[in-house]
Protein chains: 2
Amino acid sequence: MKKNPEQCQVVVALDMIVGKWKPIIIQHLLSGDILRFNELRRLMPDITQRMLTLHLRELEEQDIVQRVVYPQIPPKVEYSITEYGKSLGPVMDAMHHWGAAHVEHMKLKNEQGASLDGEAN
Amino acid sequence: MKKNPEQCQVVVALDMIVGKWKPIIIQHLLSGDILRFNELRRLMPDITQRMLTLHLRELEEQDIVQRVVYPQIPPKVEYSITEYGKSLGPVMDAMHHWGAAHVEHMKLKNEQGASLDGEAN
DNA sequence: CAGGATCCGTAGGGATACTG
DNA sequence: CAGTATCCCTACGGATCCTG
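Given the structure is predicted, the values throughout are model-derived calculations rather than measurements.

(A) Up close: the protein's contact with DNA strand D. By nearness alone, 21 residues border DNA strand D, and Lys20 of chain A together with Gln49, Arg57, Arg67 and Tyr79 of chain B come closest of all. Those atoms of DNA strand D that come within 4 Å of the protein belong to sugar or phosphate at a rate of 67%. Histidine 55 of chain A places a side-chain nitrogen or oxygen 3.3 Å from a phosphate oxygen of DNA strand D. Between DNA strand D and proline 75 of chain B, the relevant distance is 3.3 Å, taken from a sugar or linking oxygen to a main-chain nitrogen or oxygen of the residue. Of all the secondary-structure elements, those providing two or more residues to the surface near DNA strand D are α4 (49-61) of chain A together with α3 (37-43), α4 (49-61) and β3 (76-81) of chain B. For the surface near DNA strand D, the leading source of residues is α4 of chain B, giving 4 residues. Here the surface near DNA strand D is built from residues that sort into 8 nonpolar, 6 polar and 7 charged.

(B) Seen up close, the relation of the copies chain B and chain A. Superposing chain B onto chain A requires a rotation of 180° together with a translation of 0.0 Å along the rotation axis, leaving an RMSD of 0.0 Å. In the structure described here, the two chain copies are related by an operation that fits a two-fold rotation axis. Comparing interface residues between copies, 100% of those in chain B also sit at the interface in chain A, which points to an isologous, same-surface contact.

(C) View of unusual backbone geometry. Residue and element names in this part refer to chain A. For the bond from isoleucine 73 to proline 74, the omega torsion is 0°, close enough to zero to count as cis. Within the fold, proline 74 resides in the loop between β2 (65-70) and β3 (76-81). Positive phi, normally seen in glycine, also occurs at aspartate 63, with a value near 70°. By the element assignment, aspartate 63 lies in the loop between α4 and β2. Residue classification places aspartate 63 among the partly exposed residues on the basis of a relative accessible area of 24%.

Here is what the cut-offs are and how they apply
- Residues numbered from 1 in each chain as written.
- Chains lettered and ligands numbered in written order.
- Predicted model: local features only at pLDDT ≥ 70, side-chain atom pairs only at ≥ 80, totals over all residues.
- Heavy atoms only, no water.
- Near = heavy atom within 4 Å.
- Polar contact = N/O pair within 3.5 Å; in protein donor to acceptor, adjacent residues only side chain to side chain.
- Helix = DSSP H or I, 4+ residues; strand = E, 2+ residues; numbered from the N terminus.
- Nonpolar A, V, L, I, M, F, W, Y, C, P; charged D, E, K, R; others polar.
- Least-squares fit on C-alpha atoms with pLDDT ≥ 70 in both.
- Contact = heavy atoms within 4.5 Å.
- Buried < 20%, exposed > 50% of the residue type's maximum accessible area, 1.4 Å probe, protein only.

In structure tokens, the structure reads:
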């Protein structure tokens, strides 16, 4: 089963950042902060432990996130963006920028819809 | 159920382009071409009719794709990118660019792995 | 503190057949 | 030609409880 060889690097890129929480994790770490597991949890109150670990492990596997374990009790694990992960910055920025514009676009659309509803009465 | 109000427009943007075939459809239409249903199918041989229609309808709903029906027999339906959809260009470009770089990154990683395997013998 | 182990529900997607 | 209509399957994510 081949995966479209030269075709569509967009999909390649998307595969790295899709996942319900992945983009958010990446955003937080792209700030440059080094964060512990529970710090990340606090930043994303709705994520479950399971999902946080799973996504972090994937991101580590993908060389986007660095995971540093301090062998001590109680445990301490720090997560940070890798140099390579930083290269995602422009991509995330582009999406952030477009997302913001999109919110505006939707606002306008809804206002139009509302005014049309008004006329209909 | 609120959706992180001001937070993370990245997710907003992602929601518009995720889906197994959506990015590919967008890419094809971003070229500016006006394409008929079956033309799109031919461009994506592995997509099913069902998925193509579903994704096209979503994209239409999202105001990314314009759908024009010619009421004739046999039917003729043309799909094209909307003006608004074109604004996705920079986002797609950023991802395409990063995707290409990522492919290179993975190549290097694999070569390193291979050479390490070699040393282990 | 930072997880691992289970169980479970749903949405996204595929296969196939039919139609105006 | 450009779709519907069904049925089906699994991968992703959530909930909950346990542990070194």
